[in-house]
Every structure is written in structure tokens, then in C-alpha cells.
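# Tertiary structure, described
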Amino acid sequence: MNFSDYFVLWVGGLLTLMIFSFLYRDNPFYKFAEHLFVGVSAAYWMVVGFWTTFIPNLIGSIYPPSVSWFTANPEEARTVIASLYDQMWYWRYGRIVPLILGCMLLTRLAPKASWMSRWPMAFIIGYAAGTNLTRYLQSDFVAQIKATLVPLIVFNEAGFSLGETISNIVIVFGVLSALVYFFFSKEHKGWFGGTARVGIWVLMVAFGAAFGYTVMARISLLIGRMNFLGSWLGSVF
Amino acid sequence: MTFIEKMQAIDRRIIFLLIALAVIIPMVFKLVIPVRPSPIVQAIFDKIEELPSGSKVLLSFDYGPATVPENQPMADGLARHCMIRGHKLYLMAVWATGEAQGNITIENVIAKEFPDAVYGEDYIQLGYKAGNQGLINAIFTDLKGMYTTDAGGVDINSFPMMKEVNTLPDFDLILCIGSGKPGLKEWVQFAGDRGDIPVSGGVTAVEAPLLYPYYPKQLLGLMGGLQGAAQFEAALVKKYPQYKDVSSGAVILMGPQTVAHLVIIAFVIIGNIGFFVLRRREKRARTE
Amino acid sequence: MRREIPLFITFIIGTALVVALFIPHEPFRELDHQFSVWFDIIAVFAFILGGGNLLRVHVDRITRKHPDRIYSMVTIVGFLGTLLIGLFKFGGDPGLTGNYIAQGTWFKVVYDAFFVPLGATMFSLLAFFVASASYRAFRAKTREATILLIAAFIILVGRTPLGYYLTFWLPEPLQFLHIPNLSSWIMSVPNLAGQRAIMIGIALGIIATSLKLILGIERSYLGQEK
């Protein structure tokens with residue numbers, strides 16, 4: 001192991017213990033680690049966004065020769081620049097629009113000029129609304145209804161299948177009853193209330209499954225950290 | 001204060017200690033428990049297996065260090081299987097932390113176990129781009145418009161394996177390892193359903209139950225959490241026993257996972273026994 | 001005009017993207033792609049905005065002599081240090097060439113030594129609180145809570161090899177009661193039904209909200225008129 005490996009192992013080990021110290025009670029070590037995490041992660045996202053998207057997809061597109069500043073191999077830079085020039089010029093220069101909108105978004109940091117951030121916000125909202133409307137309609141609405149339209153009596157190669165029949169009945173009536181529970185325009189009374197009650201039970205099973213899986217997930221993450229601490233201590237002793 | 005009352009008011013730090021021990025002790029004793037693949041995990045294995053060698057598989061790393069114990073074995077397992085089958089593997093990330101995780105898979109699996117694999121011909125790291133689902137939407141119609149270079153800044157058109165790839169529908173299979181939004185759900189919505197492309201992958205156990213409605217029509221198969229990753233490793237070893245030693249990252253961790261589950265179950269039972277005993281006592285006291 | 005232009009932008013972008021689904025040809029296909037690229041680029045500015053906001057909040061805490069100002073300094077040092085190391089690609093290829101997170105760069109060391117352990121441990125803390133909640137709060141108080149508890153119970157046991165050993169001896173006709181089978185059935189049938197109903201409900205909400213946004217009926221994102 002070289003110096004940087006030791007650095008990573010030791011700093012990582014100490015920071016892990018600092019976070020775990022919260023389990024005893026809140027303390028300055030935990031607060032230190034927590035605040036450090038916030039600062040490092042915010043900068044991490046900025047740096048990654050800058051080098052992966054801002055430079056190649058914005059600056060490189062508007063002014064392709066800039067690519068050569070960030071590439072070690074000049075030959076490489078030349079081919080990339082040539083391919084960028086191949087793109088339709090109006091779309092290439094069109095990227096000035098997100099540059100301007102992006103700068104306007106930053107006006108949120110200055111309260112007096114923050115009204116300007118409404119334009120990029122409007123773009124973001126328009127984009128999210130336009131894509132979500134179509135994608136949720138296709139994947140989470142139409143496709144789900146289609147997938148629920150299944151036979152309630154199932155025959156397979158071996159003849160009548162009791163297991164699949166029961167499963168399909170539970171799926172169809174489970175979805176319907178849970179949807180009835182979500183329908184608040186009518187009072188949950190009589191047969192409607194009874195169906196809604198079944199809907200609650202179906203939802204409770206789903207929440208129970210979700211709880212079980214959540215426990216599994218959290219334990220797995222703890223195992224990962226303990227594994228790391230084990231390898232850290234293993235390197236010491 | 002009775003024993004039951006004392007147990008109900010137990011200091012939570014004792015519970016913390018017990019759960020830590022439940023994880024540490026099986027780790028020290030290297031408790032290994034056999035794992036069997038479930039149909040929903042086996043479906044992913046079968047799909048990769050049945051694709052003709054040389055198929056184009058996109059593997060998106062949409063997670064970060066926080067969920068590595070669950071997600072990394074999934075990514076490693078899928079990459080290993082694709083390389084065994086001779087598929088062309090395209091690595092990318094919709095999460096800013098994903099590129100670094102993809103590099104770990106390249107380093108630990110592809111470079112170590114498949115030294116003959118050539119970068120740019122057998123696998124490529126496209127890296128991360130910002131935009132979440134906007135990125136998936138952008139590359140759906142023009143991948144090279146967004147990825148003008150690979151992650152290392154090399155011209156994308158200079159790689160032989162990029163010659164036949166221009167849009168997402170050019171891929172034979174999309175695999176996503178996710179731990180939140182954007183993740184597998186967005187790949188189903190913005191790529192799979194839109195372009196009728198087979199989508200599959202693995203997610204953290206927290207997210208897995210939410211994706212079951214997509215299975216099996218919109219989602220070919222699903223690995224949920226560490227258990228899902230361990231099941232995939234088991235499926236791989238069953239078919240390719242020579243990978244038993246390397247395909248065990250998740251299986252090894254299932255020992256402590258099992259013991260910790262048992263401890264949690266014990267907590268629920270003890271907690272409820274105490275609750276019912278005290279409630280009965282209260283009722284009795286009220287009637288008297 | 002401060003409100004009309006944003007409403008117009010939302011309408012044009014949203015409508016173009018919806019039309020692109022039904023007319024997947026030029027110019028809508030290209031518009032769909034270019035708007036996506038623009039969205040991706042603006043996302044980077046959102047990261048910058050996030051960083052700027054963080055800096056503003058913590059500088060403010062220091063200047064106001066907040067009791068926790070020492071920790072704000074830690075945040076600022078962590079933020080600026082990582083930012084400088086990353087933007088100038090310290091330790092990598094000469095100048096600004098090379099991959100920002102390549103092996104050997106300081107940014108990679110910061111990622112491995114600070115970002116990875118802090119993020120991973122922060123999330124793993126939740127295991128302890130889930131365990132504590134299981135003991136203290138997970139009670140079969142009502143019929144609904146009992147159903148939830150039983151489902152969670154079967155899932156927890158069934159998703160571990162223990163479930164197999166408990167009931168593997170069951171005869172063939174009763175194999176559906178074998179805990180791993182029961183656990184898989186709960187996930188694929190009643191859980192699926194519940195999650196699907198939730199999914200359909202959320203989809204309806206998102207579709208309605210998206211329509212209201214595109215048509216300018218929902219305008220709360222524009223804030224108050226000043």
C-alpha cells in the first residue's frame with residue numbers, strides 16, 4: 001500500500017467512527033463529520049457537472065477549439081473538434097440559450113434580481129411537465145391498467161391452475177379495492193366502504209413488504225461499513 | 001418497576017449494541033449460508049445468457065457510495081456475466097457518483113478477470129452526464145450528440161464498438177443498477193417503454209417493492225438488495241462454477257444479514273409480548 | 001411580463017414535448033432531443049446554484065456569530081477545498097488535461113477518503129434506528145397493523161436462507177406455504193396489487209399536475225407577484 005492508500009483507509013476509518021459516535025449521543029465529532037460531508041458533497045456535484053457536461057456539451061459545443069485545452073492528445077482534440085463542427089450550426093450555437101438560462105438561474109442568489117430565475121424555472125417546469133405527462137401516462141397508467149386485465153380463471157398446459165387463478169383474482173380485486181380506498185369523492189360507507197377496507201388491507205401488505213425490504217436494505221449498508229472497519233483494523237494489526 | 005416494564009423502557013443504545021454484534025459476530029466467524037436464485041432474479045440471468053454473443057448491453061451505474069454494499073455486487077455480477085458471454089458492454093451513469101463506481105467494476109472485474117478484453121472493442125466507459133431523466137431522453141434519439149467523447153475525453157467515433165450505436169434502441173439490453181431517482185424506474189419509463197427495449201437490473205431493497213408492478217412485461221427481471229445480488233451470484237456460479245471464488249461478494253455478506261434479520265424479528269416479538277402483557281395488566285387494573 | 005413570458009416558455013416547451021410523442025418526426029424529434037440537452041446543461045447550473053446557496057448560508061452563519069459557526073467553517077473549507085482540487089485537476093495529467101477522477105488525482109483521493117466513508121456511514125446509521133423502531137414502535141395494535149406486521153415478518157424470514165430451512169420439509173401439495181415461496185408470492189401478488197394502485201394514483205396526480213402546469217392553470221412555481 002502506498003501513502004494515498006493509507007490516507008484513504010485511515011481518514012475513512014476515523015470519519016466512519018466519528019459518524020457512528022452519534023449512536024451514543026450528538027457530539028462535536030459527529031457534527032464535524034456531518035458538516036464536512038455537506039461541503040464535500042456539494043463541491044463534488046459541482047466539479048462532476050462542470051467536467052462532464054458544462055465543458056464538453058456547452059463550452060465545447062459553442063466554441064469547439066476549447067476542447068484542445070482539456071485533452072492531452074492533440075490528435076484526439078482535432079477529431080473531437082471536427083465532429084463538433086459536423087453538428088448543425090444552429091443547434092450548436094443554440095446552446096447559448098441554456099447558457100443564458102443557466103446564468104439567469106443563478107440570479108436566485110441575488111434577491112433583487114431573482115425574478116430573472118423564473119425563465120429557467122419555467123423551462124425546467126415545462127420540460128418536466130411535458131416529459132412526465134407522456135412517460136407516466138404510458139408506463140405508470142396505461143401499461144398498469146393493461147397489466148391488470150388478466151383472466152380470472154386460468155388454464156395452463158396441465159389444465160385448471162388454482163394457484164394462478166387465486167393470484168390473478170388477488171391482483172385484480174386488490175388493485176381495484178386499493179383504488180377505491182384512494183377515491184375520496186364518495187363517502188366510504190356500505191359496499192363502497194367495505195371495498196375500501198379490503199383496499200386498506202392490500203395496502204398494508206404492500207407496506208409490510210416495504211418495511212421488510214427497508215430493514216434488509218439498512219442492515220446491508222451497516223454490514224458494508226462493518227466490513228470496511230474490519231479491513232481498516234486488519235491493516236493496523 | 002416490573003421486568004416487563006423495564007424491558008419496554010430499555011435504553012436504545014443497548015438495542016444498537018445488539019444489532020452491531022449481530023452483524024460483527026457472523027462476520028468474524030465467516031458464517032456462509034447457501035443462496036438460491038428466485039425466478040425474478042433468474043430471469044435477468046437467462047436474458048443475458050440467451051442473447052447472442054456480441055450483443056450490445058448498456059449498463060448504467062445510478063448509485064453512489066452510500067449503497068455500495070447492495071449495488072456494487074449487482075454491477076460486478078452483471079458485468080462479469082456479460083463479459084463471460086462475450087457481449088459488448090457500454091458503461092455509463094445518470095448519477096454523478098456512478099462513473100467512479102463503474103470504474104471500480106472495470107478495475108475489479110473486467111481488468112482482473114478478463115485481461116484479454118480490449119477497451120473500446122469489448123467494453124467502454126461513457127461516463128456521467130448531468131440531467132437525470134433528461135439525459136436518458138437526450139441519448140434516446142442521439143447518443144453521440146451527448147457523448148461526443150468517452151469518459152477519458154477520447155473521440156467517441158474512434159472506438160470500433162461505437163460504430164453501430166447511435167441511439168438507445170440500438171442496444172439489445174439495458175441494465176441499470178439504481179438506488180433512487182433517477183434510476184431503474186426512469187430507464188423503464190424513458191427508454192424501455194418508449195423504444196420497446198428490454199430493460200432489467202437491480203435496485204436497493206428499499207426501492208425494489210415499488211418496481212414490482214413493472215415485472216415481467218416492462219421489466220424483465222429485478223434484483224432487490226443484497227439478497228438479489230447474492231441470488232444472481234448463485235445463478236452465475238450454478239452455470240459457470242469456475243467463477244465460484246470471485247462471484248461471492250454478496251453471498252459472503254448474507255451470513256451477517258441473516259443473523260441481523262433474526263435479531264430484528266426477535267426485537268419485534270419481544271416488543272409485542274411486552275406491549276400485550278402491559279395492555280392486559282392495564283385493562284385488568286381498570287376493571288378492578 | 002415577468003409572469004407572462006415564463007408561462008409562455010412552460011407552455012411551448014411542454015407542448016412541444018407532448019407533441020413529439022405523437023409526431024416522432026422532424027422538427028419535433030429534434031426539438032425533443034435539443035430541449036433534453038438544454039435541460040441537462042441547465043442541470044449543471046442547478047448544481048452551481050446549490051453550491052452557491054450552501055456557501056451563502058454558512059457565510060451568513062459565521063458573520064452572525066452563530067453558536068455552531070465553527071462547523072460552518074468546516075463545511076466551507078470542505079467545499080472550497082474539494083472545488084479547487086476538482087476544478088484544477090490537481091495531481092492528474094499536466095495542466096487541465098486528463099480525466100478529473102482518474103486514479104492518482106487528488107479529487108479521486110478526496111472521493112475515496114471523505115465522500116465515500118461519510119456518505120456510506122451516514123446511511124448505515126439508519127440500520128440502528130430501524131432496529132430500535134422494530135422494538136419500540138412496531139406493534140400489532142389494530143387489525144391493519146397486524147396484517148402489516150405479518151407481511152413484514154414473512155418477508156424478513158423468507159428473504160433469508162432461514163426461511164428455507166424452516167419449511168423445506170412441507171409435502172408437495174403444501175409447498176405454497178413454504179416460507180420462501182410465500183414470501184415471493186406476497187411480493188409478486190398482494191404487494192404488486194398495492195404498489196400498482198399507488199402507482200396508478202401517483203400517475204394520475206402527475207398527469208393532472210403536468211397538464212395544469214403546461215396550460216398555465218398551476219402557477220405557484222412563479223412565486224408571488226412583486
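Bear in mind the structure is a predicted one, so any value in this text is a computation, not a measurement. (Residues numbered from 1 in each chain as written. Chains lettered and ligands numbered in written order. Predicted model: local features only at pLDDT ≥ 70, side-chain atom pairs only at ≥ 80, totals over all residues. Heavy atoms only, no water.)

### Brief notes about empty space enclosed by the protein
For the coordinates displayed, the defined rule picks out three cavities of 30 Å³ or more. Quantified by volume, the largest cavity comes out at close to 340 Å³. What lines the largest cavity is a set of 24 residues, and nearest its centre among them are Trp51(A), Pro56(A), Thr149(B), Ala151(B) and Gly153(B). Contributing elements (two or more residues each) for the lining of the largest cavity: α2 (28–62) and α3 (74–86) of chain A together with β3 (123–128) of chain B. (1 Å grid on protein atoms, 1.4 Å probe; cavity = no way out; pocket = protein on both sides within 12 Å on 5 of 7 lines; lining within 4 Å. Points joined across faces, edges and corners; volume = space filled by probe spheres on them. Helix = DSSP H or I, 4+ residues; strand = E, 2+ residues; numbered from the N terminus.)

### What to know about the packing of aromatic side chains
Here the structure, examined in full by the defined rule, presents 42 aromatic pairs over all chains. The interplanar angle of 50° and the centroid separation of 5.9 Å between the aromatic rings of Tyr100(C) and Phe107(C) together place this pair among those described as tilted. Taking relative accessible area as the criterion, Tyr100(C) reaches 4% and is therefore assigned buried. Aromatic side chains Tyr111(C) and Phe115(C) sit 5.4 Å apart centroid to centroid with 20° between the ring planes, which places their arrangement in the stacked category. Of this pair, Tyr111(C) and Phe115(C) are both found in helix α4 (residues 106–136), four residues apart, which corresponds to roughly one turn of the helix. Classification of Tyr111(C) by relative accessible area gives buried; the value is 1%. Three or more aromatic residues joined by ring pairs form one cluster here, namely Phe50(A), Trp51(A), Phe54(A), Tyr63(A), Trp69(A), Phe70(A) and Phe45(C). The ring centre of Phe192(A) lies 5.6 Å from the NZ or CZ of Lys186(A), which sits over that ring. Note that Arg13(B) overlies the ring of Tyr24(A), its terminal NZ or CZ placed 4.8 Å from the centroid. (Phe/Tyr/Trp six-rings, centres within 6.5 Å; stacked < 30°, edge-to-face > 60°. Buried < 20%, exposed > 50% of the residue type's maximum accessible area, 1.4 Å probe, protein only. Lys NZ or Arg CZ within 6 Å of the ring centre and 35° of its normal.)

### Quick word on the interface of chain A and chain B
Counting residues at the interface gives 44 residues for chain A and 53 residues for chain B. With both sides pooled, the region where chain A packs onto chain B buries about 4,100 Å², and carbon together with sulfur makes up 63% of that total. Here chain A is connected to chain B by one salt bridge. We note a salt bridge from Lys185(B) to Asp140(A), for which the minimum N-O separation is 2.7 Å. (Contact = heavy atoms within 4.5 Å. Buried area = accessible area lost by both parts, 1.4 Å probe. Salt bridge = Lys/Arg side-chain N within 4 Å of Asp/Glu carboxyl O.)

### Some points on a nonpolar patch on the surface
On the surface, Leu152(A), Ile153(A), Phe155(A), Phe160(A), Leu162(A), Ile166(A), Ile169(A), Phe173(A), Leu176(A) and Trp185(C) cluster together into a nonpolar patch covering about 980 Å² of accessible area. Mapped onto the elements, Ile166(A) comes out in helix α7 (residues 162–182). (Patch = residues over 30% accessible without salt bridge, like charges linked within 9 Å, V, L, I, M, F, W, Y side chains within 5 Å. Areas by Shrake-Rupley, 256 points an atom, 1.4 Å probe, with all protein chains shown as cover.)

### Describing the pattern of salt bridges
Per the counting criterion, the structure on display carries 13 salt bridges over all chains. Of the charged contacts, one joins Glu113(B) and Arg80(B) as a salt bridge, the two residues approaching to 2.7 Å between their closest N and O atoms. Of this pair, Glu113(B) sits in helix α5 (residues 98–113) while Arg80(B) sits in helix α4 (residues 68–84), placing them 33 residues apart in sequence. Take Arg80(B): its relative accessible area is 4%, and that puts it in the buried class. Arg194(B) is the salt-bridge partner of Asp32(C), the closest N and O atoms lying 2.9 Å from each other. Placement of the pair is Asp32(C) in helix α2 (residues 28–63) and Arg194(B) in helix α8 (residues 184–195), with the two residues belonging to separate chains.

### Structural notes on the environment of Val38(A)
Turning to its location among the elements, Val38(A) is positioned in helix α2. Of the residues examined, Val38(A) reaches a relative accessible area of 33% and is grouped as partly exposed. Apart from residues no more than four positions distant in its own chain, Val38(A) is found in contact with Leu54(C) and Thr75(C).

### Structural notes on the side chain of His261(B)
Turning to its location among the elements, His261(B) is positioned in helix α11 (residues 249–287). Overall, the relative accessible area of 1% leaves His261(B) in the buried class. Those residues within four positions of His261(B) in sequence are excluded, and the remaining contacts are Met216(A), Leu156(C) and Thr160(C).

### Comments concerning the layout of surface pockets
Taken as a whole, the second largest pocket spans an internal volume of roughly 610 Å³. Taken together, 23 residues make up the lining of the second largest pocket; nearest its centre are Gly163(A), Ser167(A), Asn181(C), Trp185(C) and Val189(C). Of all elements in the fold, only α7 of chain A, α3 (39–50) of chain B together with α7 (179–188) of chain C reach the threshold of two or more residues within the lining of the second largest pocket. Per element, the largest residue contribution to the lining of the second largest pocket is seven residues, and it comes from α7(A).

### Comments concerning the pairing of strand β5 (residues 199–203) of chain B
Residue and element names in this part refer to chain B. With five of five residues buried, β5 lies mostly within the body of the structure. Covered by surrounding structure in β5 are Val199, Gly201 and Val203 together with Ser200 and Gly202, the residues of both alternating faces. Relative to β5, strand β4 (residues 173–178) runs parallel, the two being bridged by five bridges. Across the sheet, residue Gly178 finds its bridge partner in β5, namely Val203. Once the chain exits β4 it traverses α8 before rejoining the sheet at β5, and the crossover so formed is right-handed. The pairing of β5 with strand β6 (residues 222–224) spans three bridges and is classified as parallel. Opposite Gly202, over in β6, you have Met223 as the bridge partner. (Pairing = 2+ DSSP bridges. Right-handed = clockwise from strand over helix to strand, strands pointing away.)

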